[in-house]
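Next come the chains, spelled out residue by residue.
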Amino acid sequence: MTDLISPSSQLKGRKSAETRFQWYGRGAIFVSLLFLVVMVGSILTKGVGAFGTTNVAIEVDLGPDAIDPANPADARFEKIVKDALKTQFPEAKKRKDRRMIYGLLSNDMGFELERFVEANPEAIGGTATVWFRASDDFDAVAKGAVDRSLPEDERRMSDKEIAWIDQLTEQGAVERTFNWSFFTNGDSREPELAGILSALMGSALTLLVCFCISFPVAILAAIYLEEFAPKNRFSDLIEVNINNLAAVPSIVFGLLGLSMFLNTFGMPRSSPLVGGLVLSLMTLPTIIIAARASLRAVPPSIREAALGMGASPVQATFHHVAPLALPGILTGTIVGMAQALGETAPLLMIGMVAFIVDVPDSILEPATALPVQIFLWADAPERAFVEKTSAAIIVLLLFLVTMNIIAILLRRKFEKRF
Amino acid sequence: MMFTKTLCVTALALATAAAPSFARDQITIVGSSTVFPFSTTVAERFGKSTDFKTPVVESTGSGGGLKLFCSGVGTGHPDITNASRRIKESEVALCASNGVTDIVEAKIGYDGIVLANSKKSAQMDISLGDLFMALAKDVPAGEGETKPNPYTMWNEINPDLPAVKIEVLGPPPTSGTRDAFIELAMEGGCKTVDWIKAMKKTDKNAYKTLCHTIREDGKYVEAGENDNLIVQKLNANPNAFGIFGYSFLEQNSDSVQGSMINGVEADFDLIAEGEYPVSRSLYFYVKKAHIGVVPGIEEFLSEFTSEDAWGEEGYLADKGLIPLTDEEREEGAKSIMGLMNLSM
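Residues numbered from 1 in each chain as written. Chains lettered and ligands numbered in written order. Predicted model: local features only at pLDDT ≥ 70, side-chain atom pairs only at ≥ 80, totals over all residues. Heavy atoms only, no water.

Caption draft 1: Structural detail: the overall build of chain B. When helices and strands are counted, chain B shows 16 helices and 13 strands. Each principal axis of the C-alpha distribution contributes one length, and for chain B these read about 70 × 50 × 40 Å. Buried positions account for 53% of the 344 residues belonging to chain B. Across chain B, the fraction of contacts at a sequence separation of at least 24, relative to all contacts at a separation of at least 6, is 72%. Summed over its atoms, the accessible surface of chain B is roughly 14,500 Å², and 52% of this surface lies on carbon and sulfur atoms. (Helix = DSSP H or I, 4+ residues; strand = E, 2+ residues; numbered from the N terminus. Buried < 20%, exposed > 50% of the residue type's maximum accessible area, 1.4 Å probe, protein only. Contact = heavy atoms within 4.5 Å. Areas by Shrake-Rupley, 256 points an atom, 1.4 Å probe, with all protein chains shown as cover.)

Caption draft 2: Examining the interface of chain A and chain B more closely. Listed by partner, the interface residues are 43 residues for chain A and 44 residues for chain B. Interface area, chain A with chain B, both sides summed: about 4,000 Å², of which 54% is carbon and sulfur. Where chain A touches chain B, the interface holds seven salt bridges. Between B:Asp318 and A:Arg99 there is a salt bridge, with the nearest N and O atoms lying 2.4 Å from each other. The interface formed by chain A and chain B includes 15 residue pairs in polar contact (both at pLDDT 80 or more). When residues in the side of chain A that touches chain B are grouped by element, the largest group, four residues, is from helix H8 (residues 197-228) of chain A. Its residues assigned to classes, the side of chain A that touches chain B shows 22 nonpolar, five polar and 16 charged. Two strands pair when backbone bridges link them, and strand S4 (residues 354-355) of chain A and strand S2 (residues 56-58) of chain B are joined in this way by two bridges, in the antiparallel orientation. From the neighbouring strand, A:Ala354 faces S2(B), where its bridge partner is B:Glu58. (Buried area = accessible area lost by both parts, 1.4 Å probe. Salt bridge = Lys/Arg side-chain N within 4 Å of Asp/Glu carboxyl O. Polar contact = N/O pair within 3.5 Å; in protein donor to acceptor, adjacent residues only side chain to side chain. Nonpolar A, V, L, I, M, F, W, Y, C, P; charged D, E, K, R; others polar. Pairing = 2+ DSSP bridges.)

Caption draft 3: View of empty space enclosed by the protein. Scanning all chains against the criterion turns up four cavities of 30 Å³ or more. A:Asn107, A:Asp108, A:Phe111, A:Arg189, A:Glu190, A:Leu193, B:Thr41, B:Glu44, B:Arg45 and B:Lys48 together form the lining of the largest cavity. The biggest single contributor to the lining of the largest cavity is helix H2 (residues 36-49) of chain B, with four residues. Class assignment for the residues of the lining of the largest cavity results in two nonpolar, two polar and six charged. (1 Å grid on protein atoms, 1.4 Å probe; cavity = no way out; pocket = protein on both sides within 12 Å on 5 of 7 lines; lining within 4 Å. Points joined across faces, edges and corners; volume = space filled by probe spheres on them.)

Caption draft 4: How the structure looks around a nonpolar patch on the surface. All names here are of chain A. Residues Phe 30, Val 31, Leu 34, Phe 35 and Val 38 make up a contiguous nonpolar surface patch of about 530 Å² in total accessible area. Assignment of secondary structure puts Val 38 in helix H1 (residues 9-47). Residue classification places Val 38 among the exposed residues on the basis of a relative accessible area of 55%. (Patch = residues over 30% accessible without salt bridge, like charges linked within 9 Å, V, L, I, M, F, W, Y side chains within 5 Å.)

Caption draft 5: Up close: the state of the cysteines. On inspection of all chains with the given rule, the structure shows two disulfides over all chains. Across a sulfur-sulfur distance of 1.9 Å, B:Cys190 and B:Cys211 are joined as a disulfide pair. What sets the handedness of the B:Cys190 and B:Cys211 disulfide is the S-S torsion sign, and at about -70° it is left-handed. Of this pair, B:Cys190 sits in helix H7 (residues 176-190) while B:Cys211 sits in helix H9 (residues 204-212), placing them 21 residues apart in sequence. Residue class for B:Cys190 comes out buried when judged on its relative accessible area of 0%. The cysteine A:Cys210 is free of any disulfide, with A:Cys212 supplying the nearest cysteine sulfur at 9.2 Å. A:Cys210 sits in the buried class, given a relative accessible area of 0%. (Disulfide = S-S within 2.5 Å.)

Spelled out as C-alpha cells, the structure:
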C-alpha cells in the first residue's frame, strides 16, 4: 500500500498499451481506406471510357436510285450506307476488306440512316453527310486504347483498318462526344449501343415494389411485437424465427418466389413485381430487427409520460414513440434496400437475369436489374464491354449514394433530440 | 408518410390496371449461355426491324433451359430454348409428359472449343490423345490397366510438348462447354487407345468413368463460368492454358492464341469445314403450341434463318458463330419455316 501515488512501471505499460491501441485503430482505418481507394480508382479508370463515344461522318447518296421518294420506308438503308463506305474507300475490293470497312461503323448503321431520313425528309433525292456511330473497335482506336507499336498480329485492328481510321480523322470526319445513349438506351449486343436505362428502370421499379411492401409491413410487425405483443413462448418463437430469417441465404427466397409467385399465382416471369416481392421477403427481417431496436431505444419516460397524461397505448405509440424511432427505422430500411439493390441470386430464379432491350414502364413488363446488367456485361465476349461493366458499377454506386443521401435528409427532418 | 402512401398507391394502381390478364406479348427465350450472344443479337435486330417487342432472352444453361421449356404449354412457360447440345430422349419424354409434344428443332451453327495460352509463350501443337493424358484422372498403363495420372509436365507425356507444368483453366461441371469438351476432346483422345475403344462395347460404365473423368489434383483448375476471367488469368500466367469457346478467342486474338489440335489450327474456316476436332453444334427448340398465341414467333424464326443472320457473311458470323454449310442452311430453313416436328 505504499506506491499509490508515485508512477509505477504498471501505469507506464497501461499508457503505452493505449497509444498502441490507437495506432492499431488508425492502421485498420488506413487499410480499409486503401482498399476503397484502390477499388473505386480502378473502377473509375476502367469505366471512364464508356462515357465517351466516337461518331463518323459519311456522305451517303439518297438519290432516287437508293430511296423511292414516294415510299422512303421501303429503302434498303443498310445497303445505302455500305455503298457509301465502298465509295469512300474504293481501294477495298476484296470481300475481306469490304467486311472490314463495314466493320468500321456500328451494326446499327441502317437504322441510324432510317432515323435520319425520317427526321430530314428533305434530304431525299440528293446526298447528305450523316453522322454514324463508330464500331467498338474504331472507338478503341480513337480513344488511343490500341497500342500501335505492337506488331500487327498482336492487336485487334490491322494496319489497314488503322490507316482508314487515320484517313477519316484527317478529313475531320471523326468526332468524340459524350455517350448520352448510355443513359437512354436499353441493353444491346453491340457495346457501342448498349445502355443502362432498362436496368436502371428495372432496379427502380423493383425497389419501389420492395419498399412499398416491406416498409409498412415491417413497421407494423415491429411496433406490434415491441409495444403490444404479450411476452410468451409464442412471441419468443416469432422473434427467434425473424432473427433466423435475416440470415437465410438470398437464393432460398428466389426459390420460394419461383414456386409461390410464378408457379402458384402465375405472375409474369422476369417482372419487377415478382422481383420486388422476393426482395421484400428478404429485406423484411432486416427492417423488423432494426425497427425493433430503435423502438426499444426510445426512453421509457416518453411512453410513461404519454400514458400518464391519459393517452391510449395506440396514441402513445403513434404520437410519441414511433416518430422518435423513425430515424433509426429509416436507417434500417436503407440498409435493407441497399442489400436488395445489390442482389442477383434470387433474381436468377425468377427470370430477371435476362437480356432485355425494351425499357420497362410498368411493374408487369420484363425487366432486369443493375447488378444483373453488370454480371451480364462482365460475361460478354466483346472487349468493349469491360469498360461498360465498370461504367455500370459507377451508376450502381451513384444510385446507392443517392438512396443514402435521401435517407440522411429524411432522418435530419424527423430527428428529435432530448 | 404521405410520400410512401402516394408511391405505393401509384404502384398498385399501375399493377391493377394491367392485372386482369398476365398475358404476354413478347417472345421468351431461355437456355444455353453459349447460344445466348447469338440469340440476343437476333432478338435485338428483330425488335428493331419489326413492330414486335424485343424478345426476352434468359441465360439459364442448356439443361436448365430445356427443363423450363418442357414444364408446360401456356404463356407462363418459355416459347424457345437454346441448347449447346442436342435435346436428349429423356427431355423429349419430360416435354411430352407435360403436354409439350410438338417441338421444332433448329440447328443454327457450330462452336469450336479452344485450348489457348498467352501469346507471350509459344503455340502448342497437341494431339487429342496427349490432351487426354494430360487431363484425365486415371490414365492407361498397359493393356487393361490404369494408374492415377502421374504427369506434372507436358513434356513427360510427349517430348515434343513444352517443358512447362501442366496447368489448365477450364469451366466447372455445370457448364455446357465442359460437357462438350469432355465428349469431344477427352473421349476423342481416350478412344485413340485401342483397348479402351474396345472396352466401350464390353463395359460401357468403366469406359465412361475412365474417359469422362477430369483430374482433381489441381492441374485442372475450375475457373468459373466467366470466360473473360480465364483470358485475364492466361495473360497473367503465360504457362497456363485455358479452355473456352471460340468467340472469346476471336475477341482476344491480340493476347491469346489457340493451340493446334491434331495439327489443326482453331480457325474460323477450319471449324466451319469440320476439320477442327473439338467443335459442336448449337441448337434452339421452338414450342409449336405457342405459335399464333405469342405474337411474332414465326417472324423471329424467319429473321434467324435469313442469310443476313446465319449466313456465311451474316451478322452472327461477326459475333463468332460458325455457320452451317450452304446445304445445311437451305434444308434447315425449309424444315424450320415448315415447322417440321422434331424427330430423334
